[in-house]
Amino acid sequence: QVQLVESGGGLVQAGGSLSLSCAASGIFFSRYAMGWFRQAPGKEREFVAGISRSAYKTSYAGSVKGRFTGSRDNNKFTVYLQMNSLNPEDTAVYYCAASRTEDPLVVVTTPHAMDYWGKGTLVTVSS
């Protein structure tokens, strides 16, 4: 069965850093564009970072650009999100998602386009 399992969430102080990982199984990993989304309490799920199949293309939400870095290792079937300079507005449940795409350089940024989702990992940033 398809599984996307996030890890690395936790409690950090403002200004700190945190690294998230998402391990995939049950899919031909290299055929999927990957993405990170987050959902804060009372808010809609929003795009955070996207990584194309080949890892040559990335895209970021304006609120995290310059602070977050998404990457993937197709040999390890894993996608990563390095988060630096965290602030309380980054507090949310972070989700890993996969989208089957034909173009290896396409970055997928919309939740509706994602085919599979992980269960999420909670990131809490204290002030």
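Above this text you will find the structure in question.
Within any chain, residue numbers begin from 1 and follow the written order of that chain's sequence. Owing to the predicted nature of the model, reporting of local features is limited to residues with pLDDT of at least 70; listing and counting of side-chain atom pairs is limited to 80 or more, with chain, interface and lining totals taken over all residues. In computing side-chain properties, one takes all heavy atoms of the structure into account and sets aside hydrogens as well as water.

Explain the pattern of salt bridges residue by residue, including any values.
Side-chain pairs of opposite charge can arise where the charged atoms are in close proximity. Salt bridges, as used here, are contacts in which a Lys or Arg side-chain nitrogen is within 4 Å of a carboxyl oxygen on Asp or Glu. Under the criterion given, the structure shown has four salt bridges. Three or more residues joined by partner-sharing salt bridges are found here, namely R38, E46, R67 and D90.

Go over the environment of L18, please, and point to the residues and values.
Under the scheme used here, helices are H or I runs from DSSP no shorter than 4 residues and strands are E runs no shorter than 2 residues, and both carry numbers assigned from the N terminus. Turning to its location among the elements, L18 is positioned in strand β3 (residues 18-25). Owing to a relative accessible area of 14%, L18 belongs among the buried residues under this scheme. Sequence separation between L18 and R100 is 82 residues, and the spatial gap between their C-alpha atoms is 28 Å. If near-sequence neighbours (up to four positions away) are discounted, L18 is found in contact with G8, G9, G10, V12, L81, Q82, M83, L86 and V123. Residue burial is assigned from relative accessible area. The probe radius is 1.4 Å, only protein chains are included, and a residue is buried under 20% of its type maximum, exposed over 50%, and partly exposed in between. Note on contacts: a residue pair is in contact if any heavy atoms of the two residues lie within 4.5 Å.

Go over the state of the cysteines with me, naming the residues and quoting the values.
Two cysteine sulfurs form a disulfide in these notes if their separation is within 2.5 Å. For the coordinates displayed, the defined rule picks out one disulfide. Covalently, C22 is tied to C96 through a disulfide, its sulfur atoms 2.1 Å apart. Residues C22 and C96 are joined through a disulfide that is left-handed, its torsion about the S-S bond being -75°. Taken together, the residues span a long stretch of sequence, with C22 in strand β3 and C96 in strand β9 (residues 92-100) at a distance of 74 residues. No difference in accessibility class separates C22 from C96, as the two residues are buried.

Give me the lowdown on the side chain of S99, citing residues and values where you can.
Tracing the backbone through its elements, the reader meets S99 in strand β9. Under the relative-accessibility criterion, S99 is labelled buried at 3%. Discounting residues that sit within four places of it in the chain, S99 has contacts with R31, Y32, A33, V108, A113, M114 and D115.

Could you give an account of the sheet that holds β3, with specific residues and numbers?
Pairing between strands is defined by DSSP: at least two bridges between them are needed. Overall, antiparallel pairing links the four strands, which are arranged β1-β3-β8-β7 in an open sheet. The two strands at the open ends of the sheet, each matched to only one other strand, are β1 (3-7) and β7 (68-73). If you compare each strand with its neighbour and ignore which way they point, the axes differ by 15° on average. Of the pairings in the sheet, the one linking β1 to β3 comprises five bridges and is antiparallel in character. Looking at β3, one finds that L4 is bridged to A24. To define axes, lines are fitted to C-alpha atoms, for helices over the stretch in contact only, and angles between the resulting N-to-C directions are given on a 0 to 180 degree scale.

Got a sec to walk through unusual backbone geometry? Specific residues and values, please.
The backbone phi angle of F77 is positive, close to 55°, even though this residue is not glycine. Topologically, F77 is positioned in the loop between β7 and β8 (78-83).

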